[in-house]
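Descriptive analysis of the structure
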Amino acid sequence: MSTYHAPLADMQFVMNELAGLSQVSKLPGFEDATPDTVSAILDEASKFATNVLDPLNVTGDREGAVWQEGGRVKTPKGFKEAYEQYCANGWNGLTKSTEFGGQGLPQLVACAVEEMWHSSNLAFDLCPLLTQGAIEAIELRGSQALKDTFLPKMVAGTWTGTMNLTEPQAGSDLAAVRTRAVPQGDGTYKLYGQKIFITFGEHDYTENIVHLVLARTPDAPEGVKGISLFVVPKFLVDADGSLGARNDVHCVSIEHKLGIHASPTAVLAYGDRGGAVGYLVGEENRGLEYMFIMMNLARFSVGLEGVGISERAYQRAVAYARERVQGRAVGLEKGAKTAPIIEHPDIRRMLMTMRAYTEATRAVAYVTAAALDNAHRNPDDAARAKAQSFADFMIPIVKGWSTEVGQDVASLGVQVHGGMGFIEETGAAQHLRDARITTIYEGTTGIQANDLIGRKTARDSGAVANAVAGEIEKVAAHLAARGDSALQAIGVQLAAAAADARAAVEWMVPAYGQRPRVAHAGAVAYLKLWGLAVGGWQMGRAALVAAERLAAGEGDAQFLHAKIATARYYADALLPQAGAFAHTVIHGGDSALALAAEAF
Ligand SMILES: Cc1cc2nc3c(=O)[nH]c(=O)nc-3n(C[C@H](O)[C@H](O)[C@H](O)COP(=O)(O)OP(=O)(O)OC[C@H]3O[C@@H](n4cnc5c(N)ncnc54)[C@H](O)[C@@H]3O)c2cc1C
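Heads up: these notes are all about the structure in this document. None of the values given here were measured: they were computed from a predicted structure. (Residues numbered from 1 in each chain as written. Predicted model: local features only at pLDDT ≥ 70, side-chain atom pairs only at ≥ 80, totals over all residues. Heavy atoms only, no water.)

Concerning the site of the ligand
Selection criterion: One heavy atom within 4 Å of a molecule or strand is enough for the residue carrying it to be called near that molecule or strand. Pairs of N or O atoms are called polar contacts if they sit within 3.5 Å, as long as, within protein, a hydrogen donor faces a hydrogen acceptor (for residues adjacent in sequence, only side-chain-to-side-chain pairs). Per-residue accessibility takes into account occlusion by the displayed protein chains alone, with areas from the Shrake-Rupley method and a 1.4 Å probe. Secondary structure follows DSSP: runs of H or I at least 4 residues long count as helices, runs of E at least 2 residues long count as strands, and numbering of each begins at the N terminus. Ten residues, namely Ala, Val, Leu, Ile, Met, Phe, Trp, Tyr, Cys and Pro, are considered nonpolar, four, namely Asp, Glu, Lys and Arg, are considered charged, and the remaining ones, Gly among them, are considered polar.
In the vicinity of the ligand there are 19 residues, among which T166, S172, F197, T199 and T444 approach most closely. The side chain of T444 places a nitrogen or oxygen atom 2.7 Å from an oxygen atom of the ligand. In the complex, the protein chains occlude 61% of the 970 Å² of accessible area that the ligand would expose alone. Within the residue set of the shell around the ligand, elements represented by two or more residues are strand 3 (159–164), strand 5 (188–199) and helix 12 (445–458). Among the elements that line the shell around the ligand, the one with the most residues is strand 5, at 3 residues. Its residues assigned to classes, the shell around the ligand comprises 9 nonpolar, 8 polar and 2 charged.

Some points on the pairing of strand 3
Convention followed: Categorising residues by exposure relies on relative accessible area from a 1.4 Å probe, with only protein chains included: less than 20% of the type maximum marks a residue as buried, more than 50% marks it as exposed, and the intermediate range marks it as partly exposed. Two strands pair if DSSP finds at least two bridges between them.
Among the 6 residues in strand 3, 6 count as buried, and that is most of the element. Side chains of strand 3 alternate between two faces, with W159, G161 and M163 and T160, T162 and N164 buried alike. In this structure, strand 3 lies alongside strand 6 (residues 208–215), joined through 6 bridges in parallel fashion. Bridging across to strand 6, M163 finds its partner in L212.

Structural notes on the packing of aromatic side chains
In plain terms, the rule: Within 6.5 Å between ring centres, the rings of Phe, Tyr and Trp (the latter by its six-membered ring) count as paired, and their orientation is classed by plane angle as stacked under 30 degrees, edge-to-face over 60, tilted in between. The rule for a charge over a ring is simple: NZ of Lys or CZ of Arg within 6 Å of the ring centre, and within 35 degrees of the ring normal.
What the rule picks out here adds up to 16 aromatic pairs. Its end group placed over the ring of F235, R246 keeps NZ or CZ at 5.5 Å from the ring centre. The ring of F292 is capped by R455, whose NZ or CZ atom sits 5.7 Å from the centre of that ring.

Considerations on the nonpolar core
Generally speaking, a soluble globular protein has its nonpolar side chains buried in company with each other. Using the following cut-off: Here, the term nonpolar core denotes a set of buried Ala, Val, Leu, Ile, Met, Phe, Trp, Tyr and Cys residues that are joined through side-chain atoms within 4.5 Å. Contacts were defined at the residue level, with two residues in contact if any of their heavy atoms lie within 4.5 Å.
Among the nonpolar cores identified, the biggest contains 177 residues, and W117, L212, Y366, W401, Y526, W530 and Y570 are the most heavily contacted of them. With sequence-adjacent residues up to four places away left out, Y366 is seen in contact with M11, V14, M15, A19, L108, C111, A112, E115 and L304. Core analysis: the second largest hydrophobic core is formed by 18 residues, A65, V73, V249 and A266 among them.

Side note on the pattern of salt bridges
Here is the rule: Whenever a carboxyl oxygen of Asp or Glu lies within 4 Å of a side-chain nitrogen of Lys or Arg, that contact is scored as a salt bridge.
A complete count under the given rule lists 29 salt bridges for this structure. Here R355 makes a salt bridge to E359, at a shortest N to O gap of 3.5 Å. Separated by 4 residues within a single helix, R355 and E359 lie in helix 8 (residues 345–377), roughly one turn from each other. A salt bridge links R549 to E554; the nearest nitrogen and oxygen atoms lie 3.7 Å apart. What makes R549 partly exposed here is its relative accessible area of 24%. Sharing partners across several salt bridges, the network here consists of D10, E115, E311, R355, E359, R362 and K563.

No statement about biological role is implied by the geometric values presented.
What follows is the structure, encoded as structure tokens:
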């Protein structure tokens, strides 16, 4: 059986060498994020992940959350206690404002910690993840009264938060939201309607749950311009901060799912018993805009779920491959007896693929986190704007690509286990089942890809996309200029991927306006092409740093050699897919649409 151990060496390498922790920690308000403090935080988080969350992952999956009479929900054994310990340790408020009891740390630090939670117990972390989003929306757009009433408790984790967007007829298309919010004349509203698929919409962790709900006021315009955002607590809060009357929001049932069994996915009924009291966040009809503030961060976090699952599936596969003995390893010592399967070249190929994708998606996510920190805190206006536009471009890639890759990696993890991978006992199958939701919630891969081709590429005529391609080309040129054949080989493939990305942008910008159906048919291929290219960019940078440190006789030589070998594998075995995706973007759309709907 494998136990999760946080990949601290790689996390630290990526944070320091690629994402620029030292620069981030100089931003105003982040001065406490010194290398020593960050290292201590990561050590503590890794202990909590290994000792508390990892052992609950399998038991939580088997037991699952259970709906009980009266609309109560029981979480699996040990989860409530783990949540209390999590909050007591201060993990809930890591990035949140010190004004409300948070620790005000950079996103870059939080993302490494969050990756550990996702690796060790994805279902557990969904509750804090959604709470973070709800805090964010109230903090950025809520009135002072809403902030004072809800934020200290939510930052401490005493109350949790949810995101209530989805309704039976409104999933990807939130314009179809029907939940009604009727003003009461006293500044409050009463909400009526049904929300489905609400993560941790009901549970037994805490006494109160703060729902962030999208709804329409009576005279609201049609479509997305008529949606408002409300805070609807499970229990109303009295003037002195104590809990008051039970509000009219009730959990009707929870879903039976393929994975993340320990995370209750609730159907919530609003207003069946007279109306659920809600408080408007910001202004009427601007709810979707506010929700997108939450969703940006939530999408980034779901991308990290892909990284976390990849890492966990990889660790489990390596442990099994070392133990399981089967057949003779081809090409090794003649007459040797049977060998552990890690000696088979095809198993090595799978482990190397898992490792390379995990490292690449991690690096891409952490670099994006550093951009988010700069977008919020950099004192220079131009630097802030540049970081924001880069982060905006990257978020659909982090979300869409890392989760698609997470599924592939989890599936390879099953394959490495052979038949035992299909048997629940080894835990490999759970990673694949859990990974399956990550490409769906917070906007499917298709929705991320639509965002990437539209708002993130066509809208600025490919300016940011081409600027990123330019950065990739610079790294490719540095690699090519080195007198080392491994680095040069990486540089060649990276230059080719940058050219593929540029060709796809050049095609996409006019196609988006002139042939939108064809452009959209190639959107996911476009997203995957970009994922591979930016992954290659970061792997190339990592190889350069590793080579420099080796040349200077610094650092852990084994780790640094492995970095270069993994980057080389990524460049030779994975990055060439960028060319195939570029071909699909440019030539595949017409064929995808060739058959009429009736022909299927
Ligand atoms: C376990 C779980 C937890 C969830 N948690 C929450 C939560 O906490 N809060 C919440 O509000 N929601 C939550 N959701 C809902 C989730 O966000 C939606 O399921 C998701 O956004 C997709 O919507 P849908 O299921 O209605 O699918 P649909 O929108 O019906 O999509 C079906 C298919 O059509 C495609 N599609 C739809 N529109 C387009 C388009 N314009 N272009 C291209 N393709 C398109 C999709 O990509 C997908 O493949 C959760 C869902 C699950 C299963």
